[in-house]
Amino acid sequence: MAVTLISLQFRDFLTFFVFWGVLVSAKYQPNIVLIVADDLGWNDVGFHGSDQIPTPNIDALAYNGIVLNRFYVQSTCTPSRSALLTGQYPIRYGFQGWPLRNGENRYLPTHLRTLPDHLKGLGYTTSLVGKWHLGFSYWYNTPIYRGFDTHFGYWTGHIDYFNHTSDGGFAMRRNRHVAWETQNNYATQLFTQVSQETIMKHDYAKPLFLMVSHLAVHAADRNQLLEVPDLVETNKTFGYITDYRRRLFAGMLAELDKSVGAICRTLQDRGVFDNTIILFLSDNGAQNTGTRFDNSGSNWPLRGMKATLYEGGVRVPAVLYYGKLKTNATINNQLMHITDLLPTLYAAAGGNTRDLGTIDGVDQWPTISGGSKSPRSSALLDINEVALHSAVISHGGRYKLVNGSVLNPTFGRDGYYGYDTSLTNNPPYDADLVLDSETNRVIDKGLTKKKLFQTRKKVTIACDHGGGESVSREDTLFLFDLENDPCETKNLADKLPNIVADLSAQLLWYWEVLQPQHCQEPDPNSNPIYYNNTWVPWMEQRPT
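Here the structure is a predicted model, which means the values were calculated and not measured.

Focus: the overall build of the protein
And then number 1: Summing up its helical and strand segments, the protein has 14 helices and 18 strands in all.
And then number 2: In terms of C-alpha radius of gyration, the protein reaches 23 Å, essentially the compact-globule figure of 24 Å for 544 residues.
And then number 3: Counting only C-alpha atoms, the protein reaches 90 × 60 × 55 Å along its principal axes.
And then number 4: Here the protein, with 544 residues, has 60% of them falling under the buried criterion.
And then number 5: Counted over contacts in the protein with a minimum sequence separation of 6, partners at least 24 positions apart contribute 71%.
And then number 6: Just so you have it, the protein exposes about 21,500 Å², and 53% of that area is on carbon and sulfur atoms.
And then number 7: Within the protein, the 53 negative side-chain charges are centred at a point lying 5 Å from the centre of the 48 positive side-chain charges.

Okay, structure coming up:
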């Protein structure tokens, strides 16, 4: 009887201990705010060395936090977002190549668990604000059925900044409902406002995962592709930028930068800033020539742009800040890939990455939080079996093999695009603007001008382009030494055949597991004219 009583008491103690452990875990799990810019170029942010467009809040996040200086993504929107949410290379499920088009019956495969779905298993409440772009032909393809508790934004790849239409159909949604009431509200400001409301209203008995997936600085959906909230103010503020389209881009980027500051301030006002991981990145490089979605962004001095596998298309601005890290105010030069975000954030949230199964992403949290060496030695950038080009980075991030020439007239050739902003008439970089930014005042960790300029100098890439076209356009196999030639000016394929053979073998291995692209022509039944001029999950509705 005594033994039974002791056993019961011990069991009750264990129950209490486990229950208390869950409470403690929930209390100390970090909130996660992931801010994703759309088509933002390497040279569009001030902390990378450009004086042309002030980005004081983004810069303050970089100088106070951790600059992820070798962060790679997919070269276009849909593949990048699928890689982020699944932790797997898009070639494994046919999502490489061209982004989803409106009306295309294609969607993120339902057997793939997403980052928000995994975080919900750790007790998180999950919200998406902004862009989805991973399919909506059926309801179960949309965000609230793929791991997000709530979604405010659009399912399409782009919308008009004011009337929120995309290819003739209204696209703004609040969960399952059409958000007609949002018309004439500037998209960047609207997404910022909804993000602030989400932060303020959340019950922090459960941690929050908020993904703010901005439209900015992607081009819009009508003849006026680059839209600003106030044209008079934009011309006044950025009148020194003589290129009119680039001036409009500056006005769009200024609103995106304000959004970062506003979100940081709201987290502080809610009392949760110090326990929130904030991660800012772009989904791919800028598109600065070629199609109707040219946004006049700049990837200079990097080669290439969006939809190419050169650095300008796949190496993006990325910074992380978490007030509890000792590695803040540092530069991380370790190789990282967008597939790493799922296991990294899952580990930061207290999860065991073994629970994620076999994925391509690796846990970079020890690298970020402790400065240890990255477990990643190589990264597949893409295999596009339709366009016949592919690329892989290996040898700890030093060597990059590009197989196939990007001679698509839509996206130009294998050259350098965008602005060398140092050659334009810019005001000097304003460090005081950074120090007085909303973000820096919230962080308040004693950032100085000296430290600011030291960091800026270290992450600014300067290259001798030697005329800008030292790689022959007749070449189809390129090997670059990224450590010594980040601008990809010298093709070493003939000089280092053993390295070429090694990286070619890696590409061949990935070719063996590649699933063909499932691109389809838009379904005529998806046309918004059949559904009150709105985009809907048309496979479940009868056109009228």
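A closer look at helix H2 (residues 56-64)
And then number 1: Among the nine residues in H2, nine count as buried, and that is most of the element.
And then number 2: Among all positions in H2, only Pro 56, Asn 57, Ile 58, Asp 59, Ala 60, Leu 61, Ala 62, Tyr 63 and Asn 64 are buried.

A few points about the packing of aromatic side chains
And then number 1: By the definition in use, this model includes 25 aromatic pairs.
And then number 2: Ring geometry for Phe 136 and Trp 155: centres 5.5 Å apart, planes at 35°, overall tilted. Remark: Trp 155 occurs in the loop between strand S5 (150-154) and strand S6 (165-166) and Phe 136 occurs in the loop between strand S4 (125-131) and S5; sequence separation between them is 19 residues.
And then number 3: Classification of Phe 136 by relative accessible area gives buried; the value is 5%.
And then number 4: Plain terms: the ring middles of Trp 139 and Trp 155 are 5.7 Å apart, the flat faces sit at 90° to each other, and that makes the pair edge-to-face. Within this pair, whereas Trp 139 is found in the loop between S4 and S5, its partner Trp 155 is found in the loop between S5 and S6, the two being separated by 16 residues in sequence.
And then number 5: Note on Trp 155: relative accessible area 4%, which makes it buried.
And then number 6: Three or more aromatic residues link up through ring pairs in this structure, and these residues are Phe 136, Trp 139, Trp 155, Trp 535 and Trp 538.
And then number 7: Against the face of Phe 95 rests Arg 106, its NZ or CZ located 5.3 Å from the ring centre.
And then number 8: Taking NZ or CZ as reference, Arg 176 lies 3.9 Å from the ring centre of Trp 139, over its face.

A few points about the pairing of S4
And then number 1: For S4, the tally of buried residues reaches seven of seven residues, placing the bulk of the element in the interior.
And then number 2: Inspection of the sheet shows S4 paired to strand S10 (residues 208-213) by six bridges, in the parallel sense. When the sheet's bridge partners are listed, Val 129 is paired in S10 with Val 212.
And then number 3: Sheet topology places S4 next to S5; five bridges connect them, and they run parallel. The residue of S5 that forms the bridge with Val 129 is Phe 152.

Quick notes on the environment of Asn 295
And then number 1: As for its placement among the helices and strands, Asn 295 is situated in the loop between strand S11 (276-282) and helix H8 (311-314).
And then number 2: Through-space distance from the C-alpha of Asn 295 to that of His 218 is 6.3 Å; in sequence the pair is 77 residues apart.
And then number 3: Excluding residues within four positions of it along the chain, Asn 295 makes contact with Asp 39, Val 217, Ala 219, Leu 226, Arg 245, Phe 249, Ala 286, Gln 287 and Asn 288.
And then number 4: Here the side chain of Asn 295 touches Gly 297 through a polar contact of 3.0 Å, landing on its backbone nitrogen.

Overview of the packing of helix H5 (residues 187-201) against helix H7 (residues 244-269)
And then number 1: Put simply, H5 and H7 touch, their axes get as near as 10 Å, and they point 10° apart. Considering their axes alone, H5 and H7 lie roughly parallel with respect to each other. Contacts from Thr 188, Gln 189, Thr 192, Ser 195, Gln 196, Ile 199 and Met 200 of H5 reach H7 at Glu 255, Leu 256, Ser 259, Ala 262, Ile 263, Thr 266 and Leu 267.
And then number 2: A class-by-class count of the residues in the contact of H5 with H7 yields six nonpolar, seven polar and one charged.

Here we look at unusual backbone geometry
And then number 1: Ala 216 connects to Val 217 through a cis peptide bond whose omega is 5°.
And then number 2: Tracing the chain through its elements places Val 217 in the loop between S10 and helix H6 (231-237).
And then number 3: Each neighbour pair has its own omega, and for Trp 300 with Pro 301 the value is 5°, a cis peptide bond.
And then number 4: Assignment of secondary structure puts Pro 301 in the loop between S11 and H8.

Considering the state of the cysteines
And then number 1: This structure, assessed with the given rule, holds one disulfide.
And then number 2: Covalently, Cys 463 is tied to Cys 487 through a disulfide, its sulfur atoms 2.0 Å apart. On the sign convention where negative means left-handed, the S-S torsion of about 75° between Cys 463 and Cys 487 marks this disulfide as right-handed. Placement of the pair is Cys 463 in the loop between helix H13 (449-459) and strand S18 (477-481) and Cys 487 in the loop between S18 and helix H14 (497-513), with a sequence separation of 24 residues.
And then number 3: What makes Cys 463 partly exposed here is its relative accessible area of 25%.
And then number 4: Just so you know, Cys 77 is unpaired, no disulfide at all, and the nearest cysteine sulfur is the one on Cys 519, 13 Å from it.
And then number 5: With a relative accessible area of 2%, Cys 77 lands in the buried category.
And then number 6: Residue class for Cys 519 comes out partly exposed when judged on its relative accessible area of 37%.

A look at the pairing of S11
And then number 1: In terms of burial, S11 is a largely internal element, seven of the seven residues being buried.
And then number 2: Residues Thr 276, Ile 278, Phe 280 and Ser 282 point to one face of S11 and Ile 277, Leu 279 and Leu 281 to the other, with burial holding for every one of them.
And then number 3: Two elements, strand S1 (residues 31-37) and S11, share seven bridges in a ladder whose sense is parallel. Across the sheet, the residue bridging to Val 33 is Ile 278, located in S11.
And then number 4: Pairing of S11 with strand S12 (residues 318-321) involves four bridges; the strand directions are antiparallel. Opposite Leu 281, over in S12, you have Ala 318 as the bridge partner.

Let's talk about the sheet that holds S4
And then number 1: Judged by pairing direction, the sheet is mixed, and its ten strands sit side by side in the order S9-S8-S5-S4-S10-S1-S11-S12-S2-S13 without closing on themselves. Only two strands of the sheet have a single partner each, and these edge strands are strand S9 (177-178) and strand S13 (330-332).
And then number 2: Summarising the sheet, strand S8 (residues 172-174) and S9 pair through two bridges and their orientation is antiparallel. By the bridge assignment, Arg 174 is partnered in S9 with His 177.
And then number 3: Taken strand by strand, H2 contacts strand S2 (66-68), S11 and S12, and its axis lies near 65° from that of S12.

The rules behind these values
- Sequence order sets the numbering: in each chain, residues are counted from 1 along the sequence as written.
- Only residues with pLDDT of 70 or above have their local features reported here, since the model is predicted, and side-chain atom pairs are shown and tallied only from 80 upward, although totals for entire chains, interfaces and linings are computed over all residues.
- Excluding hydrogens and water, the side-chain values take into account all heavy atoms of the structure.
- Segments assigned H or I by DSSP are reported as helices when at least four residues long, segments assigned E as strands when at least two residues long, and all are numbered from the N terminus.
- Computation of the radius of gyration draws on C-alpha atoms alone. For the globule rule, the value is 2.2 Å times the number of residues to the power 0.38.
- For every residue, the accessible area (1.4 Å probe, protein chains only) is compared with the maximum for its type, and the residue is labelled buried under 20%, exposed over 50%, or partly exposed between those bounds.
- What makes two residues a contact is simply this: any of their non-hydrogen atoms within 4.5 Å.
- Values of accessible area rely on a 1.4 Å probe in the Shrake-Rupley scheme; residue burial ignores everything except the protein chains shown.
- Counted as positive: Lys and Arg. Counted as negative: Asp and Glu, with His and the chain ends omitted from the count.
- Charge positions come from single atoms, namely NZ of Lys, CZ of Arg, CG of Asp or CD of Glu.
- The criterion for an aromatic pair is that two Phe, Tyr or Trp rings (for Trp, the six-membered ring) have centres within 6.5 Å, with stacked assigned to planes under 30 degrees apart, edge-to-face to planes over 60 apart and tilted to the rest.
- Only when the NZ atom of a Lys or the CZ atom of an Arg is both within 6 Å of the ring centre and within 35 degrees of the ring normal do we say a charge sits over the ring.
- Criterion used throughout: strands pair if DSSP finds at least two bridges between them.
- Under this definition, polar contacts are N or O atom pairs within 3.5 Å; protein pairs additionally need one hydrogen-donor-capable and one acceptor-capable atom, and for neighbouring residues in sequence, both atoms have to be side-chain atoms.
- Convention adopted: a line fitted to C-alpha atoms gives each axis, helices being fitted over their contacting stretch, and angles between N-to-C directions are expressed from 0 to 180 degrees.
- In these notes the angle categories are as follows: under 35 degrees is roughly parallel, over 145 is roughly antiparallel, 65 to 115 is roughly perpendicular, and the rest is oblique.
- In this classification, the charged set is Asp, Glu, Lys and Arg, the nonpolar set is Ala, Val, Leu, Ile, Met, Phe, Trp, Tyr, Cys and Pro, and all remaining amino acids, among them Gly, are polar.
- Note on terminology: pairs of cysteine sulfur atoms within 2.5 Å are recorded as disulfides.

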